[in-house]
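Below are the chains, spelled out letter by letter.
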Amino acid sequence: MASGPSTSSTAVAAQRHGLEARGALGAGRLAGLEDGMDDAMGPAAARIPLGSNPVVLLADADERIRQGLTAQLAKYQVSVVHCADGAVTLLEAGLRKPDVLLVSAELPVVDGTTVLRLVRRRLSIPVVLGVGPEDTAQVGPALAAGASACVARPYRPREVAQLLSLADRGNRGWDQPLVCGPLTLDPSTYEVRMHGVSTARLPLREFQLLHLLMLHAEKVITRDRIRAELWGDGARRSNTITVHIRRLRERLGDDPHHPEIIQTVRGVGYRLVPPGS
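This write-up is about the structure you can find in this document. In this text, all values refer to a predicted model and were calculated from it rather than measured experimentally.

## What about the overall build of the chain?
Summing up its helical and strand segments, the chain has 9 helices and 12 strands in all. Each of the 277 residues in the chain was classed as buried or not, and the buried ones make up 51%. Considering only residue pairs separated by 6 or more positions, the chain has 67% of its internal contacts joining residues 24 or more positions apart.

Dropping the structure here:
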């Protein structure tokens, strides 16, 4: 689809509309994913279960990224509306009533974090912030401002499609605090605490990995499931998951040689046991 009007005209229009997006949309929850663009879409894709003609509002100043993601999501029968700046995005969010808003952190006119904060005041749609390597400092403020998730940019089309599927399932508990003994994780504030003391802020992928393990505490999570839910086809190196588990253990103060919190089930996967159990 064609991009919106020019930056100058949209800035005026945005002022006229008070930078407000109006509409009533269903709520949803997304889980974030990272790494680079993946053009391999695999077998013929089924329709994403978001009702008829699901629409993603994609706000990104990079035309190559917009066009690439649009072409790939078309295989999932998902329509994408383009916006090249934040002012247009605010207007289109109210006019188009998209199922999901995917907005880059770095946008001209109105930046991504401001866009999601303003959208959150009026709408209850899932809002995902695309974060580049230079934007990682914005993850915490974005989540605090109401982002459903932060994902690494450029985007992986298959994983974006998976996020759309998750959005339609309603409240999956992603934003609910998790408690495993003295270990707590709060997605709404992007915080992890042990015995009430905040740990060092976890990188996004490690935060997602810990969330997955805590959500299924005391159950074995296979390596295949971890790879599918957090990386898709992106964890090509055999030691990718192992490295993230090791770093997570270090941050939680788990003994790397005799781990008690994140235990290895040899040949299968990992199990999180609440500390002190």
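Structure's up, so let's keep going.
## Observations regarding the nonpolar core
Counting 55 residues, the largest nonpolar core has Val119, Leu210, Leu252, Ile262 and Leu272 as the members making the most contacts within it. Filtering out sequence-adjacent residues up to four positions away, leucine 252 remains in contact with Leu183, Val192, Met194, Leu210, Ile261 and Ile262.

## Side note on helix H8 (residues 223-231)
Considered for burial, the residues of H8 that qualify are Ile226, Leu230 and Trp231. For H8, the arc enclosing every buried residue in end-on projection is 75 degrees, short of the 170-degree limit, so these residues lie on one face.

## Re the pairing of strand E12 (residues 269-272)
Relative to E12, strand E10 (residues 220-222) runs antiparallel, the two sharing 3 bridges. The partner of threonine 222 across the bridge, within E12, is glycine 269. By the bridge criterion, 4 bridges tie strand E11 (residues 262-265) to E12 in an arrangement that is antiparallel. Within E12, the position partnered with valine 265 by the bridge is glycine 269. Hairpin connection between E11 and E12: a loop of 3 residues separates the two successive antiparallel strands, and glycine 267 in this loop has a positive phi of roughly 80 degrees.

## Remarks on the sheet that holds E10
Pairing within the open sheet is antiparallel, and its 3 strands lie in the order E10-E12-E11. Unpaired on one side and paired on the other, E10 and E11 mark the two borders of the sheet. With strand direction ignored, the average angle separating the axes of adjacent strands in the sheet is 30 degrees. The sheet strands contacting helix H9 (residues 240-252) are E11 and E12, and the helix crosses E11 at an angle near 150 degrees.

## Points about the pairing of strand E3 (residues 100-104)
Extensive coverage of E3 is indicated by the burial of 5 of its 5 residues. In this sheet, E3 lies alongside strand E1 (residues 55-59) in parallel orientation, the contact comprising 4 bridges. Note on E3: the bridge partner recorded for leucine 58 is leucine 102. Where E3 meets strand E4 (residues 127-131), 4 bridges bridge the pair, whose relative direction is parallel. Within E4, the position partnered with valine 103 by the bridge is leucine 129. You can see the chain leave E3, run along helix H4 (residues 112-122) and come back into E4, and the turn it takes is right-handed.

## Side note on the side chain of arginine 249
Structurally, the position occupied by arginine 249 is in helix H9. Notably, arginine 249 is buried but unbridged: the nearest opposite-charge side chain belongs to aspartate 254, and the N-O separation is 4.4 Å. Each residue touching arginine 249, except ones within four places of it in the same chain, is listed here: Asp254, Pro259, Ile262, Gln263, Thr264 and Tyr270.

## Some thoughts on the pattern of salt bridges
When the charged atoms of two side chains with opposite charge come close together, those side chains can pair. According to the stated counting rule, one finds 6 salt bridges in the structure shown. Arginine 153 is the salt-bridge partner of aspartate 60, the closest N and O atoms lying 2.6 Å from each other. Of this pair, aspartate 60 sits in the loop between E1 and helix H2 (63-73) while arginine 153 sits in the loop between strand E5 (149-152) and helix H6 (157-167); the two residues are 93 residues apart in sequence, bridging distant segments of the chain. Arginine 153 sits in the buried class, given a relative accessible area of 18%. The residue arginine 251 makes a salt bridge to glutamate 206 at a minimum N-O spacing of 2.4 Å.

Thresholds, definitions, all that
- Residues numbered from 1 in each chain as written.
- Predicted model: local features only at pLDDT ≥ 70, side-chain atom pairs only at ≥ 80, totals over all residues.
- Heavy atoms only, no water.
- Helix = DSSP H or I, 4+ residues; strand = E, 2+ residues; numbered from the N terminus.
- Buried < 20%, exposed > 50% of the residue type's maximum accessible area, 1.4 Å probe, protein only.
- Contact = heavy atoms within 4.5 Å.
- Core = buried A, V, L, I, M, F, W, Y, C linked by side-chain atoms within 4.5 Å.
- Arc of directions from axis to C-beta.
- Pairing = 2+ DSSP bridges.
- Axes fitted to C-alpha atoms, helices over the stretch in contact; angles between N-to-C directions.
- Right-handed = clockwise from strand over helix to strand, strands pointing away.
- Lys, Arg positive; Asp, Glu negative; His and termini not counted.
- Salt bridge = Lys/Arg side-chain N within 4 Å of Asp/Glu carboxyl O.

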